[in-house]
Amino acid sequence: VGLHADSSMVGEAGASPYSFSIPAIAPGTHTLEATATDERGVTGRASVTIRANAFPSVAITSPADEQLFQFGDLIPVEISAMDADGSIVGVQLFHGRSPERSFTSMPFQHTILADHVPSATLTAIATDDSGSRRASTMVRYGVNVQPTVTLTTQSLALVNPAELILEASAGDVDDAVGRVEFFQ
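The rules behind each value
- Residues numbered from 1 in each chain as written.
- Predicted model: local features only at pLDDT ≥ 70, side-chain atom pairs only at ≥ 80, totals over all residues.
- Heavy atoms only, no water.
- Pairing = 2+ DSSP bridges.
- Helix = DSSP H or I, 4+ residues; strand = E, 2+ residues; numbered from the N terminus.
- Axes fitted to C-alpha atoms, helices over the stretch in contact; angles between N-to-C directions.
- Core = buried A, V, L, I, M, F, W, Y, C linked by side-chain atoms within 4.5 Å.
- Buried < 20%, exposed > 50% of the residue type's maximum accessible area, 1.4 Å probe, protein only.
- Contact = heavy atoms within 4.5 Å.

## Some remarks on the sheet that holds strand β2 (residues 8-12)
Stage number 1. Pairing is antiparallel in the open sheet, where four strands are placed in the order β2-β1-β3-β4. Each of the sheet's edge strands pairs with one partner strand only, and the pair in question is β2 and β4 (43-52). Neighbour to neighbour, the strand axes of the sheet diverge by 25° on average, direction disregarded.
Stage number 2. Inspection of the sheet shows strand β1 (residues 2-5) paired to strand β3 (residues 28-37) by four bridges, in the antiparallel sense. Directly across from Leu3, in β3, lies its bridge partner Ala34.

So this is what it looks like as structure tokens:
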């Protein structure tokens with residue numbers, strides 16, 4: 001028994017059960033044909049047409065990987081999704097492991113708040129009209145929180161000339177405080 005794909009011989013089997021595996025068939029429409037030849041040279045044929053689906057492509061085009069935002073910024077998210085042999089029927093955006101938004105049509109755009117300290121990830125999954133799904137490369141972004149500073153010196157009534165000692169406490173949830181400056 002011989003197996004042909006699009007008129008090219010791809011394999012043959014000499015004993016029952018007759019089977020053959022095609023390890024990687026290209027996306028698109030293909031005609032598969034099996035031929036069996038008996039001892040007298042008479043050949044029988046059977047064919048079937050199949051459609052091998054191409055997976056969709058998907059990428060997060062904004063924000064850029066490792067981009068840094070300030071706490072409270074609005075982050076524009078843009079996703080590109082295409083299907084070479086069909087159409088995109090859905091895109092799902094994940095913020096970390098949690099679903100953030102689902103889309104059924106273009107544009108695949110969303111805005112999120114930069115409130116995940118010190119960093120977070122975004123991933124998109126596209127689904128095509130054949131049900132095939134593909135995930136984008138993960139995009140990481142950072143969120144910088146401004147340091148907090150509090151004057152700890154209590155308000156005092158001063159008599160001139162007097163020395164005033166200012167004290168402050170400072171902290172930063174995502175970095176070390178490098179310095180505190182005092183101004184008059």
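Read on for the rest.
## A short note on the environment of Thr104
Stage number 1. With respect to the helices and strands, the residue Thr104 is situated in the loop between β9 (98-103) and β10 (108-113).
Stage number 2. Sequence separation between Thr104 and Arg51 is 53 residues, and the spatial gap between their C-alpha atoms is 24 Å.

## Focus: the sheet that holds β10
Stage number 1. Read across the open sheet, the three strands follow the order β5-β7-β10; overall the sheet is antiparallel. A strand with exactly one partner marks an edge of an open sheet, and here the two such strands are β5 (57-62) and β10. On average, adjacent strands in this sheet sit at an angle of 25° to one another, irrespective of strand direction.
Stage number 2. In this structure, strand β7 (residues 74-82) lies alongside β10, joined through six bridges in antiparallel fashion. Across the sheet, the residue bridging to Leu74 is Leu113, located in β10.

## Details of the nonpolar core
Stage number 1. The biggest cluster of nonpolar side chains holds 21 residues, and the ones touching the most others in it are Ile79, Val91 and Tyr141.
Stage number 2. Broken down by secondary-structure element, the contributors of at least two residues to this core are β5, β7, β8 (88-95), β10, β11 (119-128) and β13 (139-144).
Stage number 3. Discounting chain neighbours no more than four positions away, the residues touching Val91 are Ile79, Ala81, Arg101, Ser102, Phe103, Phe108, Ala124, Ile125 and Ala126.

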